[in-house]
Amino acid sequence: MIGFEKSINNLDLKLFEKISSQTNDHDKQSLLACQLAARELTEGYNYLEIGSYLGGSIQPHLLDEKCLKIYSIDKRPLVQPDERGVDYTYRNNSTARMLENLKTVAPEQIEKITAIDGDTRSVKPSEIKDKITLCYIDGEHTDEAVMGDFKFCLSVLSENGAILFDDANIIYNAIAGAIAYLKQNSVNFRAFSLPDKIFAVEIGDFPIHQNKAILERLLNNYQGYLYSLQSNDLYRQFVNKKPIRFYRKFMTKIKGLNEFD
Ligand SMILES: C[S@@+](CC[C@H](N)C(=O)[O-])C[C@H]1O[C@@H](n2cnc3c(N)ncnc32)[C@H](O)[C@@H]1O
């Protein structure tokens, strides 16, 4: 495991090399930084993931001796709705396929995975037999589903732990809802985004932000900021097309929104 220690300390992308993951390289490194921080803050940690597909985002945790248990919740529908307004199709998406993939990564570790077919509307928190240290939400990309996933994660999380969201540039309204929920319920938290589109919430006393790799990303936070805005630029380009632009100009003028005194 010396090789693993070196790789995780270097946020080495080769920890993701065996199974393709739908995250990009910056996200992968942010996820590795969170894993590194979690393993430094604990003797051993438990990981829960919502939305696993081929198992790509599970593989660094499977390789990690400090990761004691892995829960994967995945509904595996053929078609899944998405806040971008386009449905996404996942063919041949099965738990059996994911486990076969993961066996190629670390066959001797496969027993630490509990894979649950379903979503957080149907799975009961009591099915998660261990307190979870680190959660990662990457299932259905709608605000409603993500909000439900967040509340589920909160219910199975240790007193001190972290919840990560993928695709923050898409499900940002759910993240806003999650933050409001924490405030309403007086939960002690810190929250920040990591490049390119990971959003992290520390709950209780779990200061992953103090990890050097995360701190560096927080200081250079231009990367995720620009990525998120630019990934949504197509919407601005659309509302700037001629007929819509004309309508907007007209309404702005009527309402006097473009005049300053
Ligand atoms: C974006 S993929 C996950 C990618 C994976 N984390 C990776 O890094 O490659 C989304 C996964 O969420 C699953 N999914 C879709 N709707 C879901 C829901 N409501 N609850 C849980 N999982 C869901 C899909 O079956 C799919 O496997």
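Read on for an overview of the structure. (Residues numbered from 1 in each chain as written. Predicted model: local features only at pLDDT ≥ 70, side-chain atom pairs only at ≥ 80, totals over all residues.)

**A closer look at the site of the ligand**
Not every one of the 23 residues close to the ligand is listed here, only the nearest: Gly 51, Tyr 53, Ser 57, Asp 119 and Gly 139. When its residues are assigned to classes, the shell around the ligand shows seven nonpolar, ten polar and six charged. (Near = placed C-beta within 6 Å. Nonpolar A, V, L, I, M, F, W, Y, C, P; charged D, E, K, R; others polar.)

**Details of the packing of helix 5 (residues 143-156) against helix 6 (residues 172-184)**
At their nearest, the axes of helix 5 and helix 6 sit 8 Å apart, and the two run at 35° to each other. Considering how the two elements wind past one another, helix 5 and helix 6 form a crossing that is right-handed. Here Asp 143, Val 146, Met 147 and Phe 150 of helix 5 come into contact with helix 6, specifically with Asn 173, Ala 174, Gly 177 and Ala 178. (Axes fitted to C-alpha atoms, helices over the stretch in contact; angles between N-to-C directions. Helix = DSSP H or I, 4+ residues; strand = E, 2+ residues; numbered from the N terminus. Left-handed = near helix turned anticlockwise from the far one by under 90°. Contact = placed C-beta atoms within 7 Å.)

**Comments concerning the pairing of strand 8 (residues 189-194)**
The pairing of strand 8 with strand 9 (residues 198-203) spans six bridges and is antiparallel. Its bridge partner lying in strand 9, Leu 194 is registered against Ile 198. Hairpin connection from strand 8 to strand 9: three residues lie between these consecutive antiparallel strands. (Pairing = 2+ DSSP bridges.)

**Points about the sheet that holds strand 9**
With respect to topology, seven strands assemble into an open sheet ordered 5-2-1-6-7-9-8, the strand pairing being mixed. Each edge of the sheet is formed by a strand with only one pairing partner; in this case those strands are strand 5 (113-117) and strand 8. With direction set aside, neighbouring strand axes in the sheet form an average angle of 15°. Sheet analysis places strand 2 (residues 67-74) next to strand 5, joined by five bridges and oriented parallel. Looking at the pairing, Ile 73 lines up with Ile 116 of strand 5. The sheet contacts of helix 2 (residues 25-41) involve strand 1 (45-50), strand 6 (132-137), strand 7 (157-165), strand 8 and strand 9, and relative to strand 9 the element is tilted by about 15°. The sheet contacts of helix 4 (residues 95-103) involve strand 2 and strand 5, and relative to strand 5 the element is tilted by about 160°.

Shape descriptors only; they carry no functional weight alone.
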